[in-house]
Amino acid sequence: MTTRLMQGDEACAEGAIAAGCRFCAGYPITPATEIVETLSRRLPQVGGKFIQMEDELASIAAVIGASVGGAKALTATSGPGFSLMQENIGYAAMAEIPCVIVDVQRLGPSTGRPTSPSQGEVMQARWGTHGDHPIIALAPDSVREAFDLTVEAFNFAERYRTPVILLMDELVGHMREPVELPSPGTLEVTERTKTRVPPEWYKPFENRPEGPNVNVPPLVPFGEGYRYHITGLHHDERGYPTNRLEEIQPWLERIFRKIDSALSDIILYEARGIEDANTLVIAYGATARSASHAVRQARSRGHRVGFLRLKTIWPFPEEVVEHAASRLHHVVVPELNLGQLALEVERIVGRHKVCRVGRADGEMIQPGEILAAIEDLEKPV
Amino acid sequence: MKQQSESRVHRRYLRHSKRFPNVWCAGCGIGIVLGAIIRAVDSLGLDKDDVAMISGIGCTGRMPVYVDFNTMHTTHGRALAFATGLKMVKPEMKIIVVMGDGDALAIGGNHFIHAARRNIGLTAIVVNNAAYGMTGGQHSPTTPQNIKTATTPYGHIEQQFPIAELAATAGASFVARSTVYHVRELESYFAQAVSKEGFSLVEAVSYCHTTLGRINRWGSASDMLRRIKEQSITKQQAESLTPEEIEGKIIRGVFAERDIPEYTAQYDKVIARARKEVR
């Protein structure tokens, strides 16, 4: 494989192609436009399809429709468009339709400061749509990882029949780095599970106690002889609307169980120097680049600082954070917002241990800012 | 005899695994529309596996669950956008999108005009009862001026959206309007619409006797059905009338019938061009 100079957005689009994505619907918005531009060029080359829809509401709807037709499908947007997509992300969670939503975060709220970097949609990714539902969200910190985590996002979407959010940020999306992409055959790509039962036995929302595909019933594409119903209403195992409490609660428990029982597969992270650390820095996305640098500087100055980079931010890696931080005195959480993922860290390790290094003016957090926070904490009392 | 065989046709298309009765009020026109859709599909000899019915939210949104196609009840206003994604991936499928007037023209108005403009091969059927029925009779984009609704207690002051004319102007391949009284005509328009390659729209004028009918004291379902019969004229009849005489009339007929390239067929050419460039 040759090394190419590539943008994070382009790498995301190439990751989608490599993962088997064959449908994209999108609407122009900086800093995510390059993803849909790249896919408008690349998808037809591989027999896939791209459509520019009339808005983001339509984009996510078309993506869900395409996935029901059997295609791996993606849409890409930024904050304002991500807000518009929320209702149908909930529909995908409710109807258990695999799809990937890329949100290249820019500074908000509202139109904000276009289009400077931000990590302001951490909580929106988790709770943006109404109602209780599980979600998976991944945050890459480099161009190459934008590729890798896009592939992973598709794999998770198919494996767990769920919408997956790739939470990029403007910096990773627009940054160019030399990357060497893996050759197609070397990637692990998950295909949609096929059902083994005939149409009359098929239950698209089956809640089986055990056996194959427990928690994740196979989703048969429309038009293949299995005529069934999909709805955003609470539904029974066949997909028909229900008001029966004995059908609603078990369904809800199952969609949480399908994620909670697979955390060892879903939780992706990188840890460094945790064993001897006094202080831990937890970071994700572009901020992890500054944080990584700050941790190296701190160590070279003799501070015992560990580094934990979360690639999966939802479901929140509770056990990983707890394990890494429980015996430490301090945890520094730098992020491009005024404390979103920090809230989760505080929930796990306690409020008094956590030092937030937040910035929400559209500028990157410099390694020096994180280093200063570390040194402040490491100061002998 | 005819009736008996028709109910046999209906039975072949209705889901037996679904718990009936349906959600609609007794006397509702939506059931008439569903019957006509079933007979139209049956007359075309389509395989049920190749037919999808997609809806949004509202009384009409509940239609797909009863019928034995590939069915999807989506979010409010977005049915055409969901259907667009499905059609792109499964261009060989016949996709019927059923919507109410609020669903299709208010919250979904943007998707409606753009689906027509793209001329993507979907059949949109709008059951126009001029109100939001499920929520209790609020005004919709097709509510006539001056009448009372649950949110215009002193009379409605907005202009009406003419659904069929809007779709024809936006670029649809086939556009027709009939009513739930003229059920044979409706059935024939549905069959023509589903057969059409490009975007087709049939407006089925209906009524809501339990909301607008009650608020405006228009009587029972059969009284409202009679009103529809009396208010409706054919397109040919309308041609010889003055605008004043046409005021308040329901004009039935075909408003567009043209052969323009369908979107997914066009996209196949895009794929061919892209692949040629790569080679």
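Residues numbered from 1 in each chain as written. Chains lettered and ligands numbered in written order. Predicted model: local features only at pLDDT ≥ 70, side-chain atom pairs only at ≥ 80, totals over all residues.

A. Seen up close, the overall build of chain A. When its secondary structure is counted, chain A shows 13 helices and 16 strands. For 381 residues, the compact-globule estimate of 2.2 N^0.38 gives 21 Å, and chain A sits close to it at 21 Å. Seen through its principal axes, chain A has C-alpha atoms that stretch 70 × 45 × 40 Å. Looking at chain A alone, contacts between residues at least 24 apart form 77% of all its contacts between residues at least 6 apart. (Helix = DSSP H or I, 4+ residues; strand = E, 2+ residues; numbered from the N terminus. Rg over C-alpha atoms; globule rule 2.2 N^0.38 Å. Contact = placed C-beta atoms within 7 Å.)

B. Geometry of the pairing of strand β8 (residues 200-205) of chain B. Residue and element names in this part refer to chain B. The element β8 is extensively covered by neighbouring structure, given that six of its six residues are classed as buried. Residues of β8 alternate between two faces, with Ser200, Val202 and Ala204 on one and Leu201, Glu203 and Val205 on the opposite face, all of them buried. Sheet topology note: the strand β4 (residues 123-128)/β8 ladder contains six bridges and is parallel. For Thr123, the partnering residue across the bridge sits in β8 and is Ser200. In terms of strand pairing, strand β7 (residues 174-179) meets β8 through six bridges, oriented parallel. By the bridge assignment, Ser178 is partnered in β8 with Ala204. (Buried ≥ 20, exposed ≤ 12 C-beta atoms within 10 Å, placed from the backbone. Pairing = 2+ DSSP bridges.)

C. Expanded view of unusual backbone geometry. All names here are of chain A. The amide bond that connects Pro114 to the next residue, Thr115, takes the cis arrangement and shows omega of -10°. Residue placement: Thr115 occurs in strand β6 (residues 113-117). In this structure, Pro315 follows Trp314 across a cis peptide bond, with omega equal to -5°. Even without glycine at this site, Asn215 takes up a positive phi of about 75°. If you trace the backbone, Asn215 turns up in the loop between β9 (176-180) and β10 (229-231).

D. Quick peek at the sheet that holds β7 of chain B. Pairing is mixed in the open sheet, where nine strands are placed in the order β10(A)-β2(B)-β1(B)-β3(B)-β4(B)-β8(B)-β7(B)-β10(B)-β9(B). Looking at which strands have only one partner, the edges of the open sheet turn out to be β10 of chain A together with β9 (232-234) of chain B. Strand-to-strand twist in this sheet, taken as the mean axis angle between neighbours without regard to direction, amounts to 20°. Here strand β1 (residues 51-55) of chain B runs beside strand β2 (residues 70-73) of chain B; their pairing, made up of four bridges, is parallel. Following the sheet pairing, Ser55 of chain B is matched in β2 of chain B by His73 of chain B. (Axes fitted to C-alpha atoms, helices over the stretch in contact; angles between N-to-C directions.)

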